[in-house]
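# Structural features, examined
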Amino acid sequence: MNSTHTSTSTSAAGGRTVREYPTREEVGYALTTGGVLKAAWLDAYARVPREAFLPDTIWPFDMAAGKAIHVSRSEDAEAWRGYAHADVPIVTQWDDGRHAGREPGNVPTSSASMPSVVFRMLDALRVDDYCRVLEIGTGTGWNAALLAHKVGEENVVTVEVDEGVAARARNTLAHYFGMPVDVLHGDGRAGAPGRGVFDRVIATCGVRSIPYAWITQTRPGGVIVAPWGTAFTNADALVRLRVGPEGESASGRFLGPVEFMKLRAHRTAPLDHEAYAHQLPAVPAALVPADAVRALADADRFDALPFALGLRVPHCSYVAAPARGDTRPHWLYSRRDRSWACALLTDGEDTARVWQHGGRHLWDEARAGFEWWVAQGRPGWERFGLTVNGEGEGEGERVWLDEEGRGL
(Lines give C-alpha, C1' and ligand atoms only; values in the text may rest on other atoms or scores of the structure.)
Protein backbone atom coordinates (compact mmCIF):
# COMPACT_ATOMS: atom_id res chain seq x y z
CA MET A 1 0.00 0.00 0.00
CA ASN A 2 1.26 3.46 -0.89
CA SER A 3 0.95 5.23 2.41
CA THR A 4 0.03 8.55 0.86
CA HIS A 5 -3.03 7.40 -1.08
CA THR A 6 -6.10 5.30 -0.51
CA SER A 7 -6.08 1.76 -1.89
CA THR A 8 -8.28 -1.29 -2.12
CA SER A 9 -7.66 -4.79 -0.88
CA THR A 10 -9.52 -8.10 -0.66
CA SER A 11 -10.41 -9.35 2.77
CA ALA A 12 -10.06 -13.00 3.76
CA ALA A 13 -13.75 -13.22 4.62
CA GLY A 14 -15.72 -13.75 1.45
CA GLY A 15 -13.29 -11.99 -0.89
CA ARG A 16 -14.96 -8.64 -0.14
CA THR A 17 -13.20 -5.56 -1.51
CA VAL A 18 -12.58 -2.96 1.17
CA ARG A 19 -11.06 0.49 1.08
CA GLU A 20 -7.90 1.18 3.05
CA TYR A 21 -6.96 4.70 4.08
CA PRO A 22 -3.53 5.94 5.17
CA THR A 23 -3.07 7.17 8.71
CA ARG A 24 -1.72 10.63 9.28
CA GLU A 25 1.47 9.09 10.65
CA GLU A 26 1.92 7.00 7.50
CA VAL A 27 1.50 10.05 5.28
CA GLY A 28 3.96 12.02 7.41
CA TYR A 29 6.50 9.20 7.20
CA ALA A 30 6.13 9.02 3.41
CA LEU A 31 6.53 12.79 3.06
CA THR A 32 9.57 12.78 5.34
CA THR A 33 11.35 9.88 3.68
CA GLY A 34 10.53 11.40 0.29
CA GLY A 35 12.40 14.55 1.29
CA VAL A 36 9.31 16.81 1.10
CA LEU A 37 8.51 17.30 4.78
CA LYS A 38 11.69 18.80 6.24
CA ALA A 39 12.70 18.99 9.89
CA ALA A 40 11.70 22.66 10.15
CA TRP A 41 8.04 21.74 9.49
CA LEU A 42 7.72 18.44 11.35
CA ASP A 43 6.24 20.02 14.47
CA ALA A 44 3.74 22.04 12.45
CA TYR A 45 2.65 18.90 10.58
CA ALA A 46 2.21 17.03 13.85
CA ARG A 47 0.28 19.77 15.65
CA VAL A 48 -1.80 21.34 12.85
CA PRO A 49 -3.84 18.61 11.12
CA ARG A 50 -5.42 19.35 7.76
CA GLU A 51 -8.68 17.72 8.85
CA ALA A 52 -9.29 20.52 11.38
CA PHE A 53 -9.74 22.98 8.50
CA LEU A 54 -11.91 20.96 6.11
CA PRO A 55 -15.68 21.35 5.78
CA ASP A 56 -18.01 18.38 6.28
CA THR A 57 -18.48 17.94 2.51
CA ILE A 58 -15.38 17.60 0.35
CA TRP A 59 -14.43 16.44 -3.13
CA PRO A 60 -11.01 14.78 -2.89
CA PHE A 61 -9.22 13.62 -6.01
CA ASP A 62 -9.44 9.85 -5.97
CA MET A 63 -6.30 8.40 -7.58
CA ALA A 64 -7.95 5.09 -8.46
CA ALA A 65 -11.00 6.71 -10.05
CA GLY A 66 -8.97 9.48 -11.67
CA LYS A 67 -11.49 12.16 -10.69
CA ALA A 68 -12.88 14.20 -7.80
CA ILE A 69 -15.48 12.33 -5.75
CA HIS A 70 -18.07 13.43 -3.19
CA VAL A 71 -17.29 12.53 0.44
CA SER A 72 -19.41 13.54 3.43
CA ARG A 73 -18.24 13.22 7.01
CA SER A 74 -21.79 12.61 8.21
CA GLU A 75 -22.22 9.74 5.73
CA ASP A 76 -18.79 8.11 5.92
CA ALA A 77 -16.53 9.49 8.62
CA GLU A 78 -13.80 6.91 7.93
CA ALA A 79 -13.55 7.87 4.24
CA TRP A 80 -13.68 11.58 5.08
CA ARG A 81 -10.85 11.24 7.58
CA GLY A 82 -8.84 9.02 5.27
CA TYR A 83 -8.95 11.52 2.44
CA ALA A 84 -8.23 14.38 4.85
CA HIS A 85 -4.94 12.64 5.71
CA ALA A 86 -4.07 11.46 2.19
CA ASP A 87 -1.62 13.24 -0.09
CA VAL A 88 -4.33 14.32 -2.53
CA PRO A 89 -5.85 17.70 -3.38
CA ILE A 90 -9.34 18.31 -2.00
CA VAL A 91 -11.86 20.64 -3.62
CA THR A 92 -13.95 22.49 -1.05
CA GLN A 93 -15.88 24.83 -3.38
CA TRP A 94 -17.08 24.71 -6.98
CA ASP A 95 -18.11 27.54 -9.29
CA ASP A 96 -17.45 30.36 -6.79
CA GLY A 97 -20.03 28.94 -4.40
CA ARG A 98 -22.91 28.70 -6.89
CA HIS A 99 -22.68 24.91 -7.03
CA ALA A 100 -25.09 22.62 -5.21
CA GLY A 101 -25.43 18.86 -5.08
CA ARG A 102 -23.19 15.86 -4.75
CA GLU A 103 -21.65 15.75 -8.21
CA PRO A 104 -18.59 17.91 -8.93
CA GLY A 105 -19.31 21.32 -10.41
CA ASN A 106 -17.80 22.84 -13.52
CA VAL A 107 -14.79 24.72 -12.12
CA PRO A 108 -13.06 24.13 -8.77
CA THR A 109 -12.68 27.51 -7.05
CA SER A 110 -11.34 26.70 -3.58
CA SER A 111 -9.42 23.75 -2.23
CA ALA A 112 -6.97 22.26 0.22
CA SER A 113 -3.76 21.52 -1.64
CA MET A 114 -2.08 18.14 -1.37
CA PRO A 115 0.30 18.08 1.62
CA SER A 116 3.38 17.30 -0.49
CA VAL A 117 2.86 20.53 -2.47
CA VAL A 118 2.09 22.55 0.67
CA PHE A 119 5.33 21.55 2.39
CA ARG A 120 7.37 21.86 -0.77
CA MET A 121 6.26 25.49 -1.04
CA LEU A 122 6.75 26.21 2.66
CA ASP A 123 10.27 24.81 2.43
CA ALA A 124 10.98 27.11 -0.54
CA LEU A 125 9.73 30.09 1.50
CA ARG A 126 12.57 29.63 4.02
CA VAL A 127 10.80 31.29 6.94
CA ASP A 128 12.64 32.13 10.15
CA ASP A 129 10.96 32.35 13.53
CA TYR A 130 8.95 35.57 13.81
CA CYS A 131 9.05 36.36 10.08
CA ARG A 132 6.09 38.46 8.95
CA VAL A 133 4.35 36.48 6.22
CA LEU A 134 1.68 37.53 3.70
CA GLU A 135 -0.33 34.71 2.17
CA ILE A 136 -2.39 35.24 -1.00
CA GLY A 137 -5.28 32.76 -1.15
CA THR A 138 -6.50 31.69 2.29
CA GLY A 139 -8.70 28.80 1.20
CA THR A 140 -9.44 26.53 4.15
CA GLY A 141 -6.88 28.31 6.33
CA TRP A 142 -4.66 25.25 6.79
CA ASN A 143 -1.61 26.80 5.13
CA ALA A 144 -2.03 29.98 7.19
CA ALA A 145 -2.31 27.84 10.32
CA LEU A 146 0.94 26.01 9.53
CA LEU A 147 2.65 29.37 9.07
CA ALA A 148 1.09 30.76 12.25
CA HIS A 149 2.34 27.76 14.23
CA LYS A 150 5.83 28.41 12.90
CA VAL A 151 6.12 32.22 13.15
CA GLY A 152 3.27 33.18 15.50
CA GLU A 153 -0.31 34.02 14.57
CA GLU A 154 0.35 37.74 15.02
CA ASN A 155 2.89 37.55 12.17
CA VAL A 156 0.60 36.08 9.50
CA VAL A 157 -1.75 38.06 7.25
CA THR A 158 -3.76 36.13 4.68
CA VAL A 159 -5.98 37.45 1.88
CA GLU A 160 -8.99 35.66 0.37
CA VAL A 161 -11.10 36.97 -2.53
CA ASP A 162 -14.24 34.96 -1.67
CA GLU A 163 -16.08 36.50 1.28
CA GLY A 164 -17.71 33.26 2.42
CA VAL A 165 -14.44 31.30 2.22
CA ALA A 166 -12.65 34.07 4.11
CA ALA A 167 -15.28 34.09 6.88
CA ARG A 168 -15.11 30.33 7.37
CA ALA A 169 -11.29 30.35 7.47
CA ARG A 170 -11.29 33.28 9.90
CA ASN A 171 -13.62 31.43 12.28
CA THR A 172 -11.68 28.17 12.01
CA LEU A 173 -8.35 29.87 12.66
CA ALA A 174 -9.77 31.80 15.63
CA HIS A 175 -11.17 28.60 17.10
CA TYR A 176 -7.94 26.68 16.54
CA PHE A 177 -5.53 29.26 17.94
CA GLY A 178 -7.81 30.92 20.47
CA MET A 179 -7.14 34.27 18.86
CA PRO A 180 -7.67 35.44 15.28
CA VAL A 181 -5.16 35.28 12.47
CA ASP A 182 -5.56 38.41 10.33
CA VAL A 183 -7.77 37.18 7.46
CA LEU A 184 -8.59 39.88 4.92
CA HIS A 185 -11.36 39.70 2.35
CA GLY A 186 -10.10 41.30 -0.85
CA ASP A 187 -8.35 40.98 -4.19
CA GLY A 188 -4.96 39.38 -3.62
CA ARG A 189 -3.43 41.39 -6.46
CA ALA A 190 -3.32 44.36 -4.06
CA GLY A 191 -1.55 42.38 -1.35
CA ALA A 192 -2.42 43.69 2.11
CA PRO A 193 -2.30 47.49 1.97
CA GLY A 194 -1.99 49.13 5.35
CA ARG A 195 -0.53 46.03 7.00
CA GLY A 196 3.09 47.11 6.70
CA VAL A 197 6.03 45.35 5.07
CA PHE A 198 6.51 41.58 5.04
CA ASP A 199 9.55 39.33 5.11
CA ARG A 200 7.88 36.65 3.00
CA VAL A 201 4.99 36.45 0.52
CA ILE A 202 3.47 33.14 -0.57
CA ALA A 203 0.70 32.68 -3.12
CA THR A 204 -1.46 29.57 -2.99
CA CYS A 205 -3.13 30.44 -6.30
CA GLY A 206 -1.66 30.43 -9.79
CA VAL A 207 -0.75 33.73 -11.43
CA ARG A 208 0.01 34.77 -14.98
CA SER A 209 2.14 37.69 -13.78
CA ILE A 210 3.50 38.78 -10.40
CA PRO A 211 1.53 41.76 -9.05
CA TYR A 212 3.96 44.56 -8.35
CA ALA A 213 2.24 45.29 -5.02
CA TRP A 214 3.70 42.03 -3.71
CA ILE A 215 7.19 43.36 -4.35
CA THR A 216 6.60 46.79 -2.82
CA GLN A 217 5.12 45.16 0.29
CA THR A 218 8.15 42.87 0.75
CA ARG A 219 11.28 44.13 2.43
CA PRO A 220 14.57 44.22 0.47
CA GLY A 221 16.05 40.73 0.62
CA GLY A 222 12.64 39.20 1.30
CA VAL A 223 11.30 36.18 -0.56
CA ILE A 224 8.20 35.67 -2.74
CA VAL A 225 7.06 32.14 -3.66
CA ALA A 226 4.30 31.77 -6.23
CA PRO A 227 2.96 29.41 -8.92
CA TRP A 228 3.52 31.25 -12.23
CA GLY A 229 2.47 30.14 -15.68
CA THR A 230 1.36 31.05 -19.19
CA ALA A 231 -1.88 30.59 -21.11
CA PHE A 232 -0.42 27.60 -22.98
CA THR A 233 -1.74 25.08 -20.42
CA ASN A 234 -3.32 25.25 -16.99
CA ALA A 235 -0.07 24.10 -15.36
CA ASP A 236 2.12 26.46 -13.35
CA ALA A 237 5.77 26.55 -12.39
CA LEU A 238 6.81 27.37 -8.86
CA VAL A 239 9.11 30.40 -8.76
CA ARG A 240 11.15 31.71 -5.83
CA LEU A 241 12.00 35.41 -6.09
CA ARG A 242 14.23 37.52 -3.89
CA VAL A 243 13.48 41.24 -3.67
CA GLY A 244 16.42 43.43 -4.59
CA PRO A 245 18.29 45.79 -2.25
CA GLU A 246 16.29 48.82 -3.36
CA GLY A 247 12.96 47.03 -2.97
CA GLU A 248 11.98 47.86 -6.56
CA SER A 249 12.51 44.54 -8.32
CA ALA A 250 12.68 40.82 -7.64
CA SER A 251 14.41 37.94 -9.38
CA GLY A 252 14.86 34.21 -8.98
CA ARG A 253 14.63 30.75 -10.51
CA PHE A 254 11.82 28.36 -11.20
CA LEU A 255 11.77 25.30 -8.97
CA GLY A 256 9.48 22.88 -10.80
CA PRO A 257 5.92 22.19 -11.93
CA VAL A 258 2.73 22.62 -9.90
CA GLU A 259 -0.90 23.34 -10.76
CA PHE A 260 -3.14 25.70 -8.82
CA MET A 261 -6.50 27.36 -9.17
CA LYS A 262 -5.80 30.76 -10.64
CA LEU A 263 -5.98 34.16 -9.00
CA ARG A 264 -9.50 35.24 -9.92
CA ALA A 265 -8.28 38.17 -12.02
CA HIS A 266 -5.89 35.84 -13.88
CA ARG A 267 -8.36 33.14 -14.88
CA THR A 268 -8.27 32.26 -18.56
CA ALA A 269 -11.58 32.60 -20.38
CA PRO A 270 -13.05 29.34 -21.69
CA LEU A 271 -12.26 28.58 -25.32
CA ASP A 272 -15.04 28.67 -27.90
CA HIS A 273 -13.68 26.22 -30.47
CA GLU A 274 -16.33 26.99 -33.09
CA ALA A 275 -15.56 30.71 -32.95
CA TYR A 276 -12.03 29.87 -34.10
CA ALA A 277 -12.19 26.85 -36.37
CA HIS A 278 -15.31 27.25 -38.47
CA GLN A 279 -13.02 28.07 -41.42
CA LEU A 280 -11.23 24.69 -41.21
CA PRO A 281 -12.78 23.14 -44.37
CA ALA A 282 -11.55 26.07 -46.48
CA VAL A 283 -7.96 26.04 -45.18
CA PRO A 284 -5.43 23.90 -47.10
CA ALA A 285 -3.32 21.42 -45.17
CA ALA A 286 0.47 21.29 -45.22
CA LEU A 287 2.71 18.31 -44.47
CA VAL A 288 5.33 18.99 -41.78
CA PRO A 289 7.84 16.79 -39.93
CA ALA A 290 6.08 15.04 -37.07
CA ASP A 291 8.87 15.39 -34.50
CA ALA A 292 7.64 18.61 -32.89
CA VAL A 293 4.01 17.48 -32.83
CA ARG A 294 5.01 14.10 -31.41
CA ALA A 295 7.19 15.67 -28.72
CA LEU A 296 4.28 17.86 -27.64
CA ALA A 297 1.86 14.93 -27.78
CA ASP A 298 4.16 12.76 -25.65
CA ALA A 299 4.85 15.49 -23.09
CA ASP A 300 3.06 15.44 -19.77
CA ARG A 301 1.46 18.78 -18.93
CA PHE A 302 4.07 19.12 -16.17
CA ASP A 303 7.01 18.61 -18.54
CA ALA A 304 9.35 21.46 -19.44
CA LEU A 305 8.44 21.51 -23.16
CA PRO A 306 4.89 22.91 -22.75
CA PHE A 307 6.32 25.49 -20.33
CA ALA A 308 8.99 26.52 -22.86
CA LEU A 309 6.45 26.71 -25.68
CA GLY A 310 4.23 28.90 -23.53
CA LEU A 311 7.14 31.33 -23.26
CA ARG A 312 8.02 31.22 -26.96
CA VAL A 313 4.41 31.28 -28.22
CA PRO A 314 2.81 33.89 -25.92
CA HIS A 315 -0.92 34.47 -25.52
CA CYS A 316 -1.68 31.04 -26.96
CA SER A 317 -3.51 28.00 -25.52
CA TYR A 318 -2.84 24.38 -26.43
CA VAL A 319 -5.49 21.64 -26.40
CA ALA A 320 -5.01 17.99 -27.35
CA ALA A 321 -8.36 16.84 -28.70
CA PRO A 322 -9.60 13.25 -28.18
CA ALA A 323 -8.01 10.67 -30.44
CA ARG A 324 -9.91 9.46 -33.49
CA GLY A 325 -8.66 5.95 -34.07
CA ASP A 326 -4.93 6.23 -34.70
CA THR A 327 -4.99 10.01 -35.22
CA ARG A 328 -5.21 12.89 -32.76
CA PRO A 329 -5.67 16.63 -33.43
CA HIS A 330 -3.53 19.11 -31.50
CA TRP A 331 -4.94 22.64 -31.45
CA LEU A 332 -3.37 26.03 -30.81
CA TYR A 333 -5.63 29.04 -30.17
CA SER A 334 -4.45 32.66 -30.03
CA ARG A 335 -5.76 34.57 -27.01
CA ARG A 336 -5.25 37.95 -28.71
CA ASP A 337 -7.16 37.30 -31.95
CA ARG A 338 -8.91 34.42 -33.76
CA SER A 339 -5.75 32.85 -35.16
CA TRP A 340 -5.54 29.09 -34.78
CA ALA A 341 -3.58 26.04 -35.90
CA CYS A 342 -4.34 22.33 -35.93
CA ALA A 343 -1.71 19.60 -36.25
CA LEU A 344 -3.09 16.12 -36.98
CA LEU A 345 -0.72 13.39 -35.82
CA THR A 346 -1.14 9.80 -37.03
CA ASP A 347 0.53 6.91 -35.21
CA GLY A 348 3.59 5.59 -36.99
CA GLU A 349 3.87 8.39 -39.56
CA ASP A 350 6.89 10.66 -39.96
CA THR A 351 4.83 13.65 -41.07
CA ALA A 352 1.80 15.46 -39.70
CA ARG A 353 -0.86 17.50 -41.45
CA VAL A 354 -1.12 21.11 -40.28
CA TRP A 355 -3.80 23.75 -40.89
CA GLN A 356 -3.23 27.40 -39.91
CA HIS A 357 -5.48 30.43 -40.13
CA GLY A 358 -5.40 34.07 -39.03
CA GLY A 359 -2.89 36.83 -38.52
CA ARG A 360 -0.55 34.57 -36.54
CA HIS A 361 0.92 31.39 -37.99
CA LEU A 362 0.76 29.60 -34.67
CA TRP A 363 2.19 26.29 -35.77
CA ASP A 364 5.19 28.07 -37.31
CA GLU A 365 5.68 29.83 -33.96
CA ALA A 366 5.40 26.53 -32.07
CA ARG A 367 7.79 24.79 -34.45
CA ALA A 368 10.35 27.59 -33.98
CA GLY A 369 9.85 27.35 -30.21
CA PHE A 370 10.47 23.60 -30.28
CA GLU A 371 13.64 24.01 -32.35
CA TRP A 372 14.87 26.70 -29.93
CA TRP A 373 14.24 24.40 -26.97
CA VAL A 374 16.13 21.53 -28.62
CA ALA A 375 19.02 23.83 -29.60
CA GLN A 376 19.33 24.98 -25.97
CA GLY A 377 19.75 21.37 -24.81
CA ARG A 378 16.09 20.78 -23.87
CA PRO A 379 16.34 22.88 -20.69
CA GLY A 380 14.39 21.88 -17.60
CA TRP A 381 12.87 24.06 -14.91
CA GLU A 382 16.12 24.71 -13.05
CA ARG A 383 17.56 26.66 -16.01
CA PHE A 384 14.72 29.19 -16.27
CA GLY A 385 14.35 32.29 -14.13
CA LEU A 386 12.09 35.32 -13.77
CA THR A 387 12.80 39.01 -13.10
CA VAL A 388 10.03 41.46 -12.17
CA ASN A 389 10.46 45.23 -11.99
CA GLY A 390 8.23 48.27 -11.71
CA GLU A 391 7.23 48.71 -15.33
CA GLY A 392 3.70 47.40 -14.72
CA GLU A 393 2.07 44.04 -14.04
CA GLY A 394 2.98 41.64 -16.82
CA GLU A 395 4.86 44.23 -18.88
CA GLY A 396 7.66 44.43 -16.35
CA GLU A 397 8.43 40.70 -16.33
CA ARG A 398 11.29 38.99 -18.11
CA VAL A 399 11.86 35.23 -18.20
CA TRP A 400 15.47 34.27 -18.77
CA LEU A 401 17.55 31.17 -19.37
CA ASP A 402 20.58 30.20 -17.27
CA GLU A 403 21.50 33.73 -16.13
CA GLU A 404 19.63 36.92 -15.42
CA GLY A 405 19.59 39.26 -18.38
CA ARG A 406 19.87 36.50 -20.95
CA GLY A 407 16.63 36.62 -22.90
CA LEU A 408 14.76 33.84 -24.65
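Residues numbered from 1 in each chain as written. Predicted model: local features only at pLDDT ≥ 70, side-chain atom pairs only at ≥ 80, totals over all residues. Heavy atoms only, no water.

### Some thoughts on the overall build of the protein chain
We count it as follows: Secondary structure elements follow DSSP: runs of H or I no shorter than four residues count as helices, runs of E no shorter than two count as strands, and numbering proceeds from the N terminus. When we talk radius of gyration, it's over C-alpha atoms, and the globule rule is simply 2.2 Å times the number of residues to the 0.38. Here the term buried applies to any residue with accessible area under 20% of the maximum for its type, exposed to any over 50%, and partly exposed to those in between, with areas from a 1.4 Å probe on protein chains only. The accessible surface values rely on the Shrake-Rupley method and a 1.4 Å probe; as for residues, cover is taken only from the protein chains in view.
Of the regular secondary structure elements, the protein chain holds 11 helices and 21 strands. Taking 408 residues into account, the globule formula puts the C-alpha radius of gyration at 22 Å, and the protein chain, at 23 Å, falls close to it. By principal-axis analysis of the C-alpha atoms, the protein chain measures approximately 70 × 65 × 40 Å. Here the protein chain holds 408 residues, and 51% of them are scored as buried. Entry remark: accessible area of the protein chain is about 18,200 Å², with carbon and sulfur atoms responsible for 50%.

### Side note on unusual backbone geometry
With a phi close to 55°, His315 is a non-glycine residue in the positive phi region. Examined against the element boundaries, His315 turns out to sit in the loop between α10 (304-312) and β16 (316-320). Judged by relative accessible area, which is 37%, His315 ranks as partly exposed. Backbone geometry places Arg378, a non-glycine residue, at a positive phi of 50°.

### Thoughts on the sheet that holds strand β18 (residues 340-346)
Here is the rule: For two strands to be treated as a pair, DSSP must find at least two bridges joining them. To get an axis, fit a line to the C-alpha atoms, keeping to the stretch in contact for a helix; angles then go from 0 to 180 degrees between the N-to-C directions. Contacts: residue pairs with any heavy atoms within 4.5 Å of one another.
The antiparallel open sheet is built from five strands, whose spatial order is β15-β19-β18-β17-β16. Pairing within the sheet leaves two strands with one partner each, and these edge strands are β15 (286-289) and β16. Across the sheet, the mean angle from the axis of one strand to that of its neighbour is 25°, orientation sign disregarded. Of the strand pairs in this sheet, strand β17 (residues 327-334) and β18 are connected by seven bridges, and their pairing is antiparallel. Pairing of Tyr333 across the sheet is with Trp340, part of β18. Strands β15, β16, β17, β18 and β19 (351-357) of the sheet are contacted by helix α11 (residues 362-375), whose axis makes an angle of about 100° with β17.

### Overview of the packing of aromatic side chains
Counted only if it meets this: Stacked, tilted and edge-to-face are the three classes applied to pairs of Phe, Tyr and Trp rings, where Trp contributes its six-membered ring and a pair requires centres within 6.5 Å; stacked means planes under 30 degrees apart, edge-to-face means over 60, and tilted covers the rest.
Inspection of every chain in the model, using the stated rule, returns 17 aromatic pairs. Here the aromatic rings of Trp228 and Phe307 are separated by 6.4 Å at their centres, their planes lie at 75°, and the arrangement is edge-to-face. Here Phe307 lies in helix α10 and Trp228 lies in strand β12 (residues 218-228), a separation of 79 residues in the sequence. Neither residue differs from the other here; Trp228 and Phe307 are each classed as buried.

### Some remarks on helix α4 (residues 115-125)
Of all 11 residues in α4, nine are buried, a share of seventy percent or more. Turning to α4, its buried residues are Pro115, Ser116, Val117, Val118, Phe119, Met121, Leu122, Ala124 and Leu125. Immediately downstream of α4, the backbone of Arg126 shows phi near 55°, a positive value.

### Things to note about the layout of surface pockets
Inclusion rule: As defined here, a cavity is a set of points on a 1 Å grid over the protein atoms alone where a 1.4 Å probe fits but cannot get out. A pocket is an open set with protein on both sides within 12 Å along at least five of seven lines, and residues line them when an atom is within 4 Å of a point. Grid points are joined across faces, edges and corners, and a volume is the space filled by probe spheres set on the points. Each residue gets one label: Ala, Val, Leu, Ile, Met, Phe, Trp, Tyr, Cys and Pro are nonpolar, Asp, Glu, Lys and Arg are charged, and the others, such as Gly, are polar.
Taken as a whole, the second largest pocket spans an internal volume of roughly 670 Å³. In this structure, the second largest pocket is lined by 23 residues; those nearest its centre are Arg208, Gly229, Thr230, Ala231 and His315. At the level of elements, α10 and β21 (397-401) are the ones that each hand at least two residues to the lining of the second largest pocket. A breakdown of the residues in the lining of the second largest pocket according to their chemical character gives nine nonpolar, eight polar and six charged.

### Side note on helix α9 (residues 291-298)
We apply this condition: Taking the helix axis as origin, the arc is that swept by the directions to the C-beta atoms.
Every buried residue belonging to α9 is among Ala292, Val293 and Leu296, and all of these are buried. Each buried residue of α9 lies within a common arc of 100° when the element is viewed along its axis, so the set occupies one face.

### Topic: the nonpolar core
Note the cut-off: Among the buried residues, those of types Ala, Val, Leu, Ile, Met, Phe, Trp, Tyr and Cys that are joined through side-chain atoms within 4.5 Å form a nonpolar core.
Trp228 and Trp363 are the most contacted members of the largest nonpolar core, which totals 57 residues. Those residues in contact with Trp363 that sit more than four places away from it in its chain are Val288, Ala292, Val293, Leu332, Ala341, Ala343, Val354 and Gln356. Residues Tyr45, Leu146, Val181 and Val258 belong to the second largest nonpolar core, which totals 37 residues.

### What to know about the pairing of strand β13 (residues 236-243)
Counting buried residues along β13, six of its eight residues qualify, which places the element largely inside the surrounding structure. Taken together, β13 and the strand that follows it, strand β14 (residues 250-258), pair antiparallel across an intervening segment of six residues, in which Gly247 is found at a positive phi of about 75°.

### Focus: the side chain of Arg200
Which entries qualify depends on this criterion: Charged-residue counts in this description rest on Lys and Arg as positive and Asp and Glu as negative, His and the chain ends being excluded. Salt bridges are defined by distance alone: a side-chain nitrogen of Lys or Arg within 4 Å of a carboxyl oxygen of Asp or Glu. Side-chain atoms alone can form a polar contact between residues adjacent in sequence; in general such a contact is a pair of N or O atoms within 3.5 Å, and within protein one must be able to donate a hydrogen while the other accepts it.
In this fold, Arg200 is placed in strand β11 (residues 198-203). Buried charged residue Arg200 carries no salt bridge. Nearest counter-charge: Asp128, at 4.0 Å. Within the structure, Arg200 has its side chain in polar contact with the backbone oxygen of Arg126 (distance 3.0 Å).

### Looking at the packing of α9 against α11
Test applied: Any angle from 65 to 115 degrees is called roughly perpendicular, while one under 35 is roughly parallel, one over 145 is roughly antiparallel, and all others are oblique.
One way to put it is that α9 packs onto α11 with a least axis distance of 10 Å and a crossing angle of 80°. As judged from the angle between their axes, α9 and α11 are roughly perpendicular. Along the contact surface, α9 presents Asp291, Ala292, Val293 and Ala295, while α11 presents Trp363, Arg367 and Phe370. A per-class count over the contact of α9 with α11 returns five nonpolar, no polar and two charged.

By themselves, these are just geometric observations and shouldn't be taken as functional.
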